[in-house]
Amino acid sequence: TISALDGLPARFDLPDGHSEGARRAALAAWLVDERNALTWRSIVNRVWHYHFGRGIVGTPNDFGKMGDPPTHPELLDWLARYFLDNGQSIKALHRLIVTSSVYRQASAHDEAKATIDSGNRYLWRGPRRQLEAEALRDAVLAMSGRLDLTMGGPGFDTFRYEDDHSPRYHYSEYDPTDAASFRRSIYRFVVRSVPDPFIETLDGADPSQSVPVRNETVTALQALSALNNPFMVQQAAFFADRLEAGGSALDVNIDAAFQLALQRAPAPEERAELVAYAGEHGLAAACRLIFAMNEFIYID
């Protein structure tokens, strides 16, 4: 192994004729040794990256010479120690981060601070981030009331599979009303060589590569997918059914849609515009607009 870590062996003392299993066990013990700061720094850095869109070390797969130096090295070490001292609990680490003052900052812009740190690397404000493709899909299912929270078991497909001479995956033939596919995206069957066009458009990770940091883009295709993808259209219809089940007036349903999707009441002009739009095109069409709003797609 590497020899830069104090107190840890650079070579394993194994007897002649040892098995491959013994080598693997020795490496595993070295990796999880409490003195191996690299392991614990790497873990807490990835959790930090998950919450802020960028790790304390901006290159999660590379802590070496060619990687980014940490913006807050003392914090990285402190978090690693906290993680070790609290039973190596990922849940406790999540709780610590999301209840911190730095995580609870607003994303409001400050011109004076931006001139010093335009990239917000030192987190003088909360980072405004786009929901990951999978999280957006799950959020839409939650709003429509169709999210299946069943844990474990087989996954689901968002394509039709054909194997005559060579396998082919037809995403265009996916049935968006198939209740078996309403599970959380973590159970989605991923074809390594043929990405899902909907997930790919929303900057989903390339399943054929190791992707330590996802791209975060803003494109016209994303807006069109949010409005017109068959999955989004069908879930908007389900969302409208959920709202109309109470038998309330259209303006009350629009208020309820905002409260569910955006956690706030609509402004008077927003309510007036969406009530008029829903009156002309139907409540499901108005729900599609809410799903496509930046406020729904971005974490502020």
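Now for a look at the structure at hand. Keep in mind it's a predicted model, so treat the numbers as computed, not measured.

## A look at the overall build of the protein chain
Then, number 1: Counting secondary structure elements, the protein chain contains 13 helices and 4 strands.
Then, number 2: For the C-alpha atoms alone, the extent of the protein chain along its principal axes is close to 80 × 60 × 35 Å.
Then, number 3: Accessible surface, the protein chain: about 17,300 Å² in total, of which carbon and sulfur atoms supply 54%.
Then, number 4: Treating the 30 positive side-chain charges of the protein chain as one cloud and the 40 negative ones as another, the clouds have centres 5 Å apart.

## Some remarks on the pattern of salt bridges
Then, number 1: A full pass over the atoms with the stated rule returns 12 salt bridges.
Then, number 2: Here E20 makes a salt bridge to R24, at a shortest N to O gap of 2.9 Å. With E20 and R24 both in helix α1 (residues 20-31), this residue pair falls 4 residues apart, about one helical turn.
Then, number 3: Close ionic contact of E34 with R81 constitutes a salt bridge, the shortest N to O distance being 3.7 Å. Taken together, the residues span a long stretch of sequence, with E34 in the loop between α1 and α2 (37-52) and R81 in helix α3 (residues 73-85) at a distance of 47 residues.

## A short note on the packing of aromatic side chains
Then, number 1: Under the definition given, this model contains 12 aromatic pairs.
Then, number 2: Summarising the aromatic geometry, the rings of W78 and Y82 are spaced 5.5 Å apart at their centres and angled 20 degrees between planes, so their arrangement reads as stacked. Residue W78 and its partner Y82 are located together in helix α3, separated by 4 residues, close to a single helical turn.
Then, number 3: Residue classification places W78 among the partly exposed residues on the basis of a relative accessible area of 48%.

## A look at the nonpolar core
Then, number 1: One finds F291 and F296 to be the most contacted residues of the largest nonpolar core, which totals 34 residues.
Then, number 2: For this core, the secondary-structure elements that each account for two or more residues are α6 (133-144), α7 (197-201), α9 (230-244), α10 (250-262), α11 (268-281), α12 (283-291) and α13 (294-297).
Then, number 3: Sort the elements by how many residues they give to this core and α9 lands first, with 7 residues.
Then, number 4: Residues contacting F291, with those up to four places away along its chain left out, are V140, M143, M232, Q235, A236, F239, F296 and I297.
Then, number 5: Core analysis: the next-biggest nonpolar cluster, separate from the first, contains 16 residues, V44, L79, L93 and L123 among them.

## Details of the side chain of D203
Then, number 1: Structurally, D203 is set in the loop between α7 and α8 (220-228).
Then, number 2: A polar side-chain atom of D203 sits 2.7 Å from the main-chain amide nitrogen of T217.
Then, number 3: Residues in contact with D203, not counting those within four places in the same chain, are Q130, R214, N215, E216, T217 and Q222.

## Notes on the environment of T217
Then, number 1: Among the secondary structure elements, T217 is positioned in the loop between α7 and α8.
Then, number 2: Take T217: its relative accessible area is 30%, and that puts it in the partly exposed class.
Then, number 3: Spatially, the C-alpha atom of T217 lies 8.1 Å from that of L202, the residues being 15 residues apart in sequence.
Then, number 4: When near neighbours in sequence (up to four residues on either side) are disregarded, T217 contacts Q130, D203 and Q222.
Then, number 5: Within polar-contact distance, the side chain of T217 engages the side chain of Q222 at 3.0 Å.

## Quick notes on the environment of D16
Then, number 1: Topologically, D16 is positioned in the segment before α1.
Then, number 2: Separated by 185 residues in sequence, D16 and T201 place their C-alpha atoms 53 Å apart.

## Description of the layout of surface pockets
Then, number 1: There is about 1,100 Å³ of room inside the largest pocket.
Then, number 2: Together, 41 residues line the largest pocket, and H49, Y50, R129, E132 and R214 are the ones closest to its centre.
Then, number 3: Only α2, β1 (129-130) and α6 provide two or more residues apiece to the lining of the largest pocket.
Then, number 4: A per-element tally of the lining of the largest pocket places α2 first, with 6 residues.
Then, number 5: Of the residues that constitute the lining of the largest pocket, the class distribution is 17 nonpolar, 11 polar and 13 charged.
Then, number 6: Considered as a void within the structure, the second largest pocket measures approximately 330 Å³ in volume.
Then, number 7: Taken together, 17 residues make up the lining of the second largest pocket; nearest its centre are D203, G204, A205, D206 and P207.
Then, number 8: Looking at side-chain class alone, the lining of the second largest pocket contains 7 nonpolar, 3 polar and 7 charged residues.

## Quick look at α12
Then, number 1: Residues of α12 that are buried include every one of L283, A285, A286, C287, I290 and F291, and no others.
Then, number 2: Buried positions along α12 lie against α6, α9, α10, α11 and α13.

## What about the side chain of S144?
Then, number 1: Residue placement: S144 occurs in helix α6.
Then, number 2: A distance of 2.6 Å separates a polar atom in the side chain of S144 from a polar atom in the side chain of Q235.
Then, number 3: Contacts of S144, omitting those with residues within four sequence positions, involve Q235, F238, F239 and R242.

So, how was this worked out
Residues numbered from 1 in each chain as written. Predicted model: local features only at pLDDT ≥ 70, side-chain atom pairs only at ≥ 80, totals over all residues. Heavy atoms only, no water. Helix = DSSP H or I, 4+ residues; strand = E, 2+ residues; numbered from the N terminus. Areas by Shrake-Rupley, 256 points an atom, 1.4 Å probe, with all protein chains shown as cover. Lys, Arg positive; Asp, Glu negative; His and termini not counted. Charge placed at Lys NZ, Arg CZ, Asp CG, Glu CD. Salt bridge = Lys/Arg side-chain N within 4 Å of Asp/Glu carboxyl O. Phe/Tyr/Trp six-rings, centres within 6.5 Å; stacked < 30°, edge-to-face > 60°. Buried < 20%, exposed > 50% of the residue type's maximum accessible area, 1.4 Å probe, protein only. Core = buried A, V, L, I, M, F, W, Y, C linked by side-chain atoms within 4.5 Å. Contact = heavy atoms within 4.5 Å. Polar contact = N/O pair within 3.5 Å; in protein donor to acceptor, adjacent residues only side chain to side chain. 1 Å grid on protein atoms, 1.4 Å probe; cavity = no way out; pocket = protein on both sides within 12 Å on 5 of 7 lines; lining within 4 Å. Points joined across faces, edges and corners; volume = space filled by probe spheres on them. Nonpolar A, V, L, I, M, F, W, Y, C, P; charged D, E, K, R; others polar.

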